[in-house]
Amino acid sequence: GGLRAIAKVNVFQMILLIVVSLLLSYLGLQRVGGLSALYEKVPANYWNLIRPADDANYPWQAMLLGYPVAAGAFFCTDQAMVQSVLGAKNLEQGQLGVNFIGWLKVLALPLFILPGILCFALFPQLENSDLAYMTMVTNLFPPGMNGLVICVLIAVLVATIGSSLNALSTVFTTDVYVKN
C-alpha cells in the first residue's frame, strides 16, 4: 500500500501510455504516407519549435526563458513528485529516477506532438482541436484497441488521483494533524 502501490500504478500506466501513443503515431504515419508526406501536408511553421519574437502565442523568449523555469518550479515543488523521489531506496535510486523522468520528457515529441500534427493532416475538417487524440484513436485503431486506450486513460486518471491523495495524506499527517 501507500507510496509503493502508487509507484507501481504510475509505472504501469506510463508504459501503457507510451505504447499506445507510439502505436498511434506509427499508424498515423502509415495512413498519411510517411514522414515526407506528412511534412508536405502541413504548413511549414508546424515544424518550427523556435518562433519569432513577435509571435502572439509562443515567442522564442518564452520558450527559452519562461518554460524551463516554470517546468523546474513545477517538478521541484509538486508534493506528489517530490514525495516519490524522497521515497527512493537511496540517493542514487532517487537521482536515477529523476534522470529517467527527464529523458522521458524528450519522448513528448513523438508521443504527443506528432499525433496532433498527424490529426491535422489526416482530419483537416476537425473543428475542435480538443478532440484530436480521440479522433485519431477512433479512426486508426480497431475496436478492441479503443477499449485499451480507454483503460490507459483511466489508469492515468487513477494514478494522478492516487498520487495526489497519497501526497495530501502525507502532508496532513505530518504538518496539520497534531496528536495530543
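All of these numbers come straight from a predicted model, not from anything done at the bench.

1. Remarks on the overall build of the protein chain
- Within the protein chain one finds 8 helices and 0 strands.
- Across the protein chain, helices and strands are ordered from the amino to the carboxyl terminus as α-α-α-α-α-α-α-α.
- When the backbone C-alpha atoms are referred to their principal axes, the protein chain occupies close to 65 × 45 × 30 Å.
- A total of 180 residues make up the protein chain; the buried ones form 23% of that total.
- Taking the intrachain contacts of the protein chain between residues at least 6 apart in sequence as the baseline, contacts between residues at least 24 apart amount to 63%.
- Taken as a whole, the protein chain presents about 12300 Å² of accessible surface, with 68% of it coming from carbon and sulfur.
- In the protein chain, which carries 8 positive and 8 negative side-chain charges, the distance between the mean positions of the two groups comes to 16 Å.

2. Quick look at the packing of aromatic side chains
- Inspection of every chain in the model, using the stated rule, returns 3 aromatic pairs.
- Taking 5.7 Å as the distance between ring centres and 35 degrees as the angle between the ring planes, the aromatic pair formed by tyrosine 39 and tryptophan 47 counts as tilted.
- By relative accessible area, which is 30% here, tryptophan 47 ends up partly exposed.

3. What about helix H3 (residues 60-77)?
- A rise of 1.5 Å per residue sets the reference length of H3, with its 18 residues, at 26 Å; its end C-alpha atoms lie 25 Å apart and thus fit the reference within 8%.
- Largest kink in H3: about 35 degrees, centred on glycine 66, with the proline proline 68 one to four residues after it.

4. Topic: the packing of helix H1 (residues 2-32) against helix H8 (residues 143-176)
- Contact geometry for H1 and H8: axes closest at 9 Å, N-to-C directions at 145 degrees. Between H1 and H8 lies a crossing whose hand is left-handed. Side by side, H1 and H8 meet where Gly2, Leu3, Ile6, Val9, Asn10, Gln13, Leu16, Leu17, Val20 and Leu23 of the first sit next to Met145, Leu148, Val149, Val152, Ala155, Val156, Ala159, Gly162, Ser163 and Asn166 of the second.
- Grouping the constituent residues of the contact of H1 with H8 by class yields 14 nonpolar, 6 polar and no charged.

5. Thoughts on the packing of H1 against helix H7 (residues 132-140)
- At a minimum axis distance of 10 Å, the contact between H1 and H7 shows a crossing angle of 70 degrees. What the angle tells us is that H1 and H7 run roughly perpendicular. Where H1 crosses over H7, the handedness of that crossing is left-handed. Where H1 abuts H7, its residues Val20, Ser21, Leu24, Leu27, Gly28 and Arg31 lie against Tyr133, Met136, Val137, Asn139 and Leu140.
- Considered class by class, the residues forming the contact of H1 with H7 number 7 nonpolar, 3 polar and 1 charged.

6. Regarding the side chain of serine 25
- With respect to the helices and strands, the residue serine 25 is situated in helix H1.
- Ignoring sequence-local partners within four residues, the contact set of serine 25 consists of Pro110, Leu114, Pro115 and Leu118.

Rules used throughout
- Residues numbered from 1 in each chain as written.
- Predicted model: local features only at pLDDT ≥ 70, side-chain atom pairs only at ≥ 80, totals over all residues.
- Heavy atoms only, no water.
- Helix = DSSP H or I, 4+ residues; strand = E, 2+ residues; numbered from the N terminus.
- Buried < 20%, exposed > 50% of the residue type's maximum accessible area, 1.4 Å probe, protein only.
- Contact = heavy atoms within 4.5 Å.
- Areas by Shrake-Rupley, 256 points an atom, 1.4 Å probe, with all protein chains shown as cover.
- Lys, Arg positive; Asp, Glu negative; His and termini not counted.
- Charge placed at Lys NZ, Arg CZ, Asp CG, Glu CD.
- Phe/Tyr/Trp six-rings, centres within 6.5 Å; stacked < 30°, edge-to-face > 60°.
- Expected span 1.5 Å × (residues − 1).
- Bend = angle between axes of the 7 residues up to and from the residue.
- Axes fitted to C-alpha atoms, helices over the stretch in contact; angles between N-to-C directions.
- Left-handed = near helix turned anticlockwise from the far one by under 90°.
- Nonpolar A, V, L, I, M, F, W, Y, C, P; charged D, E, K, R; others polar.
- Parallel < 35°, antiparallel > 145°, perpendicular 65-115°, else oblique.

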